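Letter by letter, the chains look like this.
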Amino acid sequence: MNNALPPLLAIAAYSGTGKTTLLKQLIPLLKQRCIRVGLIKHTHHDMDVDTPGKDSYELRKAGADQTLVASDRRWALMTETPEQQSLDLQYLASRFDRSKVDVILVEGFKHEPVSKIILYREDIGRPLEDMLDEFVIAVASDQSITVKSRSLDLNQPESIADFIVKWLKGAA
């Protein structure tokens, strides 16, 4: 059995650039191309996937260190991290069922040492150079830019999906 993690591909950008918008377009496009997609989304907020008042929320709040909520359609595992340790992207990726995903898209984590597509909009007012490192495989922008890596059109999700499929064939 192959225990290797599926390839990780970060979609990274400054806040307000459109990471979530692009991912909402890319995921169905990749699925049309028979790519099974996992997703890790980084959030800076004290997020909660549970609803106050629901049994699972109340049991988790009662002190369960891990809570798995399951139905015949989906399940979710919530793990408390009271030590507030920094996130370990490789560990999070290892939680995925390798038999069900071909790629794990990562929203955010722009400074992690994983392959990434940087999204860039000049009107955000932040420098592109601050996001460039040796792990950048492409930059998707809403205007023509010159970069050492592949340049993609941020407004053409079909071509970005095609690029990801080609990248996957080389990364597998």
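Above this text is the structure in question.
Residues numbered from 1 in each chain as written. Predicted model: local features only at pLDDT ≥ 70, side-chain atom pairs only at ≥ 80, totals over all residues. Heavy atoms only, no water.

*Asks:* Requested: an account of the overall build of the chain, with residues and values cited.
*Replies:* Along the backbone of the chain there are four helices and eight strands. Taken over the C-alpha atoms alone, the chain extends approximately 55 × 40 × 25 Å along its principal axes. When each of the 172 residues of the chain is scored for burial, the buried share is 36%. Considering only contacts in the chain between residues 6 or more positions apart, those separated by 24 or more positions represent 57%. A total accessible area of about 11,100 Å² is found for the chain, and carbon and sulfur atoms account for 49% of it. Of the side chains in the chain, 22 bear a positive and 24 a negative charge, and the two mean positions are spaced by 6 Å. (Helix = DSSP H or I, 4+ residues; strand = E, 2+ residues; numbered from the N terminus. Buried < 20%, exposed > 50% of the residue type's maximum accessible area, 1.4 Å probe, protein only. Contact = heavy atoms within 4.5 Å. Areas by Shrake-Rupley, 256 points an atom, 1.4 Å probe, with all protein chains shown as cover. Lys, Arg positive; Asp, Glu negative; His and termini not counted. Charge placed at Lys NZ, Arg CZ, Asp CG, Glu CD.)

*Asks:* Explain the sheet that holds strand β5 (residues 103-107) to me, and be specific about the residues and the numbers.
*Replies:* With respect to topology, six strands assemble into an open sheet ordered β2-β5-β1-β6-β7-β8, the strand pairing being parallel. Here the strands that pair on one side only, and so sit at the sheet edges, are β2 (37-41) and β8 (150-153). Within this sheet the neighbouring strands show an average axis-to-axis angle of 25°, counted without direction. Examined bridge by bridge, strand β1 (residues 8-12) and strand β6 (residues 116-120) share three bridges and lie parallel to one another. Within the sheet, the bridge partner assigned to A12 lies in β6 and is I118. Docked against the sheet, helix α1 (residues 19-32) engages β1, β2, β5 and β6, running at close to 165° with respect to β5. (Pairing = 2+ DSSP bridges. Axes fitted to C-alpha atoms, helices over the stretch in contact; angles between N-to-C directions.)

*Asks:* Just give me the short version of the pairing of strand β7 (residues 136-141), but keep the residues and values in it.
*Replies:* Buried residues dominate β7, accounting for six of its six residues. When β6 meets β7, the two strands line up parallel, connected through five bridges. Bridge assignment links K116 to a residue of β7, and that residue is V136. In this structure, β7 lies alongside β8, joined through four bridges in parallel fashion. Residue pairing across strands places V139 opposite S151, the latter belonging to β8.

*Asks:* Help me get a handle on the pattern of salt bridges, residues and values and all.
*Replies:* What the rule picks out here adds up to seven salt bridges. The salt bridge involving D162 is made with R33; its shortest N-O contact spans 2.9 Å. Note that D162 is positioned in helix α4 (residues 157-171) and R33 in the loop between α1 and β2, a separation of 129 residues in sequence. Relative accessible area serves as the criterion here: at 33%, D162 is assigned to the partly exposed category. Among the residues examined, R33 registers a relative accessible area of 24% and is labelled partly exposed. Here D142 and R121 are joined by a salt bridge, their closest N and O atoms 3.4 Å apart. (Salt bridge = Lys/Arg side-chain N within 4 Å of Asp/Glu carboxyl O.)

*Asks:* Can you tell me about the nonpolar core, naming the residues and giving the values?
*Replies:* L9, I117, L119, I160 and I164 are the most contacted members of the largest nonpolar core, which totals 25 residues. Only β1, α1, β5, β6, β7 and α4 provide two or more residues apiece to this core. Beyond its immediate stretch of four places on either side in the chain, I164 contacts L9, L26, L30 and I117. One finds L89, A93, V101 and I104 within the second-largest nonpolar core, a separate group that totals 10 residues. (Core = buried A, V, L, I, M, F, W, Y, C linked by side-chain atoms within 4.5 Å.)

*Asks:* Quick one: what's the story with the environment of K31, residue by residue and with numbers?
*Replies:* Mapped onto the elements of the fold, K31 is located in helix α1. Once the C-alpha coordinates of K31 and A161 are considered, the two residues, 130 residues apart in sequence, prove to be 9.8 Å apart.

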